[in-house]
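One-letter residues, chain by chain:
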Amino acid sequence: MSEFSRLRPILGKHFQWHGARLTFLAQFLVSVIRVRSVNLSELSTAFVGKTLQASNYKRLQRFFREFRLDYAEFAYSIAAWVGIKEDWVLVLDRTQWEFGNQMHNVLMLAIAYKGVAIPLLWTLLANRSNSYSYQRKALLHRFKRIFPNQGIAYLTADREFIGKDWLSYLCDRHIRFCIRIRECDHLYDGQRSLSPRILFANLQAGEIQVLSKRRRVGGVWVFVVATRLKDGKLLVIITSEQHNSVLLDYACRWQIETLFGCLKSRGFNLEATHISRRDRLSKMLALLTIALMWSLHTGEWQHQQQKLPLKKHGRPPLSLFRLGLDFLRRALFNLDAQPILFRQSLSFLSCT
């Protein structure tokens, strides 16, 4: 039995696509894992079968040009696949890169999950700068339409994501947040306004200071926690609710940086895409999310089988994602010699 005849029914459990599209998705997943690139020319060389490479290339082009993806259905399928039962930790961030004269600018909302944020919804921005408040709010509106009853533990984001309109929006909807601010931003206590650089000037590396009273940032009253990092920089977090684990909560934000690494240089080399239209690049992100989930679940299983030894800095030599991706590549490159490897990997794609 070919890998595609095994893959198709499993993918059909997650995505209600017709047979030809499921076959294409199986081909795409196998190809992108094999070549670790989203370049269509590279992908077309790894499609299995007797079809000519030129035909595979046209098939790829046709999918990204014509297929209409229901992103609400897609987000729901991914969330069910992740299977987090408790309230979700949402991570908001933006990534951008240039290819020739084309600037890609992606605003992404993801779920924190075992060290790697999982993409749920995203917007490809037409502007080349930071996101605007209305774009962030639109993303959360989409989230609430798709997941009206889903609890949110909190939302975490970096220094770009502040401003009165945005913070007021989160407070009005009772969405707890942990957001970093800049050292030059001003904190107002009702009488005077000081920057964190001045307010926490005496803070030593490793020390943590929690302000007992709220401060106003951009017209919104928030609680403030600060620590000085080993490199001497201040890490200042504003939050809508006083909480003992604010710094640990904010640390989940780094999961989306790990995600961007998986999509780019440490994984599927998203920056190598020649796709210029935003609607087609959005479809590419959706397909890569599926490959990411398959790799991550496979890596979790691998880690359970044999835990990786920690290096001197206290972290394993490979992430769960890379551990799973390497296993899948080995399975796909040795399909004839070791078919059992591929059959094992299918169980993690089906979550059984």
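Residues numbered from 1 in each chain as written. Predicted model: local features only at pLDDT ≥ 70, side-chain atom pairs only at ≥ 80, totals over all residues. Heavy atoms only, no water.

Q: Can you walk me through the layout of surface pockets in this structure?
A: In this approach a probe as big as a water molecule rolls over the atoms, and the regions it shows empty are the leftover space. A volume near 320 Å³ is recorded for the second largest pocket. Lining the second largest pocket are Arg-159, Arg-180, Thr-227, Leu-229, Asp-231, Lys-233, Leu-235, Leu-247, Leu-248, Tyr-250, Ala-251 and Trp-254. Element by element, the count of residues in the lining of the second largest pocket is highest for helix H9 (residues 246-251), at 4 residues. For the lining of the second largest pocket, a count of residues per class yields 7 nonpolar, 1 polar and 4 charged. (1 Å grid on protein atoms, 1.4 Å probe; cavity = no way out; pocket = protein on both sides within 12 Å on 5 of 7 lines; lining within 4 Å. Points joined across faces, edges and corners; volume = space filled by probe spheres on them. Helix = DSSP H or I, 4+ residues; strand = E, 2+ residues; numbered from the N terminus. Nonpolar A, V, L, I, M, F, W, Y, C, P; charged D, E, K, R; others polar.)

Q: Quick question: what am I supposed to make of helix H7 (residues 164-172) here?
A: Helical geometry: 3.6 residues make up each α-helical turn, so side chains three or four residues apart lie on a common side. Buried within H7 we find Trp-166, Leu-167, Tyr-169 and Leu-170. Relative to the axis of H7, the buried residues are bounded by an arc of 155° and lie together on one face. Among the exposed residues of H7, those pointing more than 90 degrees away from its buried face are Lys-164 and Asp-172. Residue His-174 follows H7 closely and has a positive phi angle near 55°. (Buried < 20%, exposed > 50% of the residue type's maximum accessible area, 1.4 Å probe, protein only. Arc of directions from axis to C-beta.)

Q: Hey, could you run me through the packing of aromatic side chains in this one?
A: Each aromatic ring pair is described using two quantities: the centre-to-centre distance and the angle formed by the ring planes. Evaluation of the coordinates by the stated rule reveals 21 aromatic pairs. Ring geometry for Phe-15 and Trp-17: centres 5.6 Å apart, planes at 40°, overall tilted. The class of Phe-15 is buried, set by a relative accessible area of 3%. Here the basic side chain of Arg-214 rests over the ring of Phe-223, its NZ or CZ set 5.9 Å away from the ring centre. Taking the ring centre of Trp-254 as reference, the NZ or CZ of Arg-253 above it sits at 4.7 Å. (Phe/Tyr/Trp six-rings, centres within 6.5 Å; stacked < 30°, edge-to-face > 60°. Lys NZ or Arg CZ within 6 Å of the ring centre and 35° of its normal.)

Q: Mind showing me how you'd approach the nonpolar core here?
A: Side chains that are nonpolar tend, in soluble globular proteins, to be buried together. One finds Phe-28, Leu-120, Trp-166, Ile-238, Leu-259 and Met-284 to be the most contacted residues of the largest nonpolar core, which totals 119 residues. Ranked by the residues each element gives to this core, the list is headed by helix H11 (residues 278-305), at 12 residues. Grouped together as the second largest cluster of nonpolar side chains are 5 residues, Trp-301, Ala-331, Leu-341 and Phe-348 included. (Core = buried A, V, L, I, M, F, W, Y, C linked by side-chain atoms within 4.5 Å.)

Q: Quick question: what am I supposed to make of the pattern of salt bridges here?
A: Pairing between side chains of opposite charge can happen when their charged atoms approach one another. Throughout the structure, instances matching the rule amount to 12 salt bridges. Salt-bridge contacts for Lys-137 lead to Asp-165; the nearest nitrogen and oxygen are separated by 3.0 Å. Of this pair, Lys-137 sits in helix H6 (residues 133-146) while Asp-165 is found in helix H7, placing the two residues 28 residues apart along the sequence. In this structure Asp-165 comes out as partly exposed when scored by relative accessible area, which is 43%. For the salt bridge of Asp-185 with Arg-182, the shortest nitrogen-to-oxygen distance reads 3.1 Å. Judged by relative accessible area, which is 10%, Asp-185 ranks as buried. Through salt bridges with shared partners, one network takes in Asp-93, Arg-253 and Glu-257. (Salt bridge = Lys/Arg side-chain N within 4 Å of Asp/Glu carboxyl O.)

Q: What am I meant to see in the state of the cysteines here?
A: Two cysteines, two sulfur atoms, one covalent bond between them: this is a disulfide. All chains considered together, the criterion is met by 0 disulfides. With no disulfide of its own, Cys-171 has Cys-178 as its nearest cysteine by sulfur position, at a separation of 12 Å. (Disulfide = S-S within 2.5 Å.)

Q: What is the right way to read unusual backbone geometry from this model?
A: In most cases, non-glycine residues show a negative phi, while peptide bonds are predominantly trans. The phi angle at Arg-36 is positive, at roughly 50°, despite the residue not being glycine. Relative to the assigned elements, Arg-36 resides in the loop between helix H2 (19-35) and helix H3 (40-46). One non-glycine residue with positive phi stands out, namely Asn-269, at about 50°. Locating Asn-269 in the fold gives a position in the loop between helix H10 (254-263) and H11.

Q: Help me understand helix H13 (residues 339-349), please; the structure alone is not making it clear to me.
A: Every buried residue of H13 is accounted for by Leu-341, Phe-342, Ser-345, Leu-346, Phe-348 and Leu-349. For H13, the buried positions fall inside an angular range of 155° around the axis, keeping them on one side.

Q: Is there a simple way to explain the environment of Arg-182 in this structure?
A: Residue position: Arg-182 is located in the loop between strand E5 (177-181) and strand E6 (187-188). Those residues within four positions of Arg-182 in sequence are excluded, and the remaining contacts are Arg-159, Ile-162 and Pro-196. (Contact = heavy atoms within 4.5 Å.)

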